[in-house]
Amino acid sequence: MSRTLRISTRNATFQQWQALLTNRTKRHRAGEFLVQGVRPITLAVQHGWPVHAVLLDDTRRLSQWSRDVLEQTSGVARYALAAELMHELGGKDEESPELLAVVGMPADDLSRIRSGPRMLTLVFDRPATPANVGALIRSADAFGATGLVVTGHAADPYDPKAVRASTGSLFALPVVQVASHREVVDEVVALRRGGLPVEILGSDEGGDVELAEHDLTGPKVIAIGNETRGLSGAWRAACDHILRIPMTGAASSLNAAAAGSVVLYEAARQRRAAKP
């Protein structure tokens, strides 16, 4: 059983936790991030992510959920914080959390994403908004993707807004950040040389093939573009086909996370129909 340390002032340790919420550079340099919310913390523990510290509200009677988390993280450093400090770290104006977790980040390694005949890897190219990253992680998890790759200069999947928007799916789905499309394309080339016929697809309103008319049952890498600029020229050049989502009404395009969700749903639908 870990000894609980008490923190009642905004000391250096507290400021480090604040930086995990607000400073991407410090977050990645430390290799850890602060997790808020019952479901995200539950899934982080359930899926075996390394919990570096647990923060508790020093003034509250712990719920059964909190006691369960503490039991499952026995041996992890524990800190009891004053209620106002927990409120500052909690991310919600209306209430103070009873428990928060500091969790370690996995390596950004494409080998974390499973390959094989049913491979379905989604790529989000240069997303600008953490909430959109989190929403697409959630959809990728829900519709059976094998992983999500964030490419280029992009919002951080470990930003608290992204973690919250994923509703914990970040901990159930491999999510990898890479510098450019090149790393993903090189991985696809290697898989093809090994005999796996991976197809690279994009999604855009001006695509050359309608979404439902294209076979999405084999191993696929599907790229979704930036919220305002769409797919980069490099990704367009790398794609074997660009998928088009048919639309009616006044809308000319979908939000990037919505478009990705539609593509993932169609892939899941085809794969269910193709099962013997």
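Rules used in this analysis
Residues numbered from 1 in each chain as written. Predicted model: local features only at pLDDT ≥ 70, side-chain atom pairs only at ≥ 80, totals over all residues. Heavy atoms only, no water. Helix = DSSP H or I, 4+ residues; strand = E, 2+ residues; numbered from the N terminus. Rg over C-alpha atoms; globule rule 2.2 N^0.38 Å. Buried < 20%, exposed > 50% of the residue type's maximum accessible area, 1.4 Å probe, protein only. Contact = heavy atoms within 4.5 Å. Lys, Arg positive; Asp, Glu negative; His and termini not counted. Charge placed at Lys NZ, Arg CZ, Asp CG, Glu CD. Core = buried A, V, L, I, M, F, W, Y, C linked by side-chain atoms within 4.5 Å. Domains from an automatic or database assignment. Pairing = 2+ DSSP bridges. Patch = residues over 30% accessible without salt bridge, like charges linked within 9 Å, V, L, I, M, F, W, Y side chains within 5 Å. Areas by Shrake-Rupley, 256 points an atom, 1.4 Å probe, with all protein chains shown as cover. Salt bridge = Lys/Arg side-chain N within 4 Å of Asp/Glu carboxyl O. Buried area = accessible area lost by both parts, 1.4 Å probe. Polar contact = N/O pair within 3.5 Å; in protein donor to acceptor, adjacent residues only side chain to side chain.

An unreviewed UniProt entry lists the chain under the name TrmH family RNA methyltransferase, with Actinoplanes octamycinicus as the source organism.

Caption draft 1: Region of the structure containing the overall build of the chain. Counting its secondary structure elements, the chain contains 10 helices and 12 strands. Rg of the C-alpha trace for the chain: 21 Å, near the compact-globule value of 19 Å for 276 residues, within the 12% margin. The buried share of the chain, reckoned over its 276 residues, is 52%. Long-range contacts, defined here as pairs at least 24 residues apart, represent 78% of the contacts in the chain between residues at least 6 apart. The averaged location of the 30 negative side-chain charges in the chain is 3 Å from the averaged location of its 31 positive side-chain charges.

Caption draft 2: Up close: the nonpolar core. With 49 residues, the main nonpolar core has Phe 33, Trp 49, Val 103, Leu 148, Leu 170 and Phe 171 as its most contacted residues. Considering every element that reaches this core, the biggest residue donor is helix α10 (residues 256-274), with five residues. Each of domain 1 (4-104) and domain 2 (110-274) accounts for three or more of the residues forming this core. With sequence-adjacent residues up to four places away left out, Phe 171 is seen in contact with Phe 33, Val 35, Pro 40, Leu 43, Ala 44, His 47, Trp 49, Val 103 and Val 163. Ranked by size, the runner-up nonpolar core spans 21 residues in total, among them Ile 200, Trp 235, Ala 238 and Ile 242.

Caption draft 3: Spatial organisation of the sheet that holds strand β11 (residues 220-224). What the seven strands build is an open sheet, ordered β8-β7-β6-β11-β9-β12-β10; its pairing is parallel. Each edge of the open sheet is held by one strand with a lone partner, namely β8 (175-178) and β10 (209-210). Inspection of the sheet shows strand β7 (residues 147-151) paired to β8 by four bridges, in the parallel sense. Note on β8: the bridge partner recorded for Val 149 is Val 176.

Caption draft 4: The arrangement of a nonpolar patch on the surface in detail. A surface patch of nonpolar side chains, amounting to about 200 Å² of accessible area, comprises Met 247, Leu 254 and Val 262. Secondary-structure assignment places Val 262 in helix α10.

Caption draft 5: Up close: the domain arrangement of the chain. For the chain, the domain assignment lists domain 1 (4-104) and domain 2 (110-274). With 17 residues of domain 1 at the contact, the number on the domain 2 side is 15 residues. In total, domain 1 and domain 2 occlude about 1400 Å² of area from one another, counting both sides; carbon and sulfur atoms represent 58% of this. If you sort the residues of domain 1 by the area they bury against domain 2, Arg 24, Phe 33 and Trp 49 come out on top, with a joint share of 34%. The tally of links between domain 1 and domain 2 comes to one salt bridge. Asp 156 is paired through a salt bridge with Arg 27; the nearest N and O atoms lie 2.9 Å apart. Counting across the domain 1 and domain 2 interface gives eight residue pairs in polar contact (both at pLDDT 80 or more). If you list the elements that add at least two residues to the side of domain 1 that touches domain 2, you get α2 (24-30), β2 (32-35) and α3 (38-46). No other element matches α3, which puts four residues into the side of domain 1 that touches domain 2.

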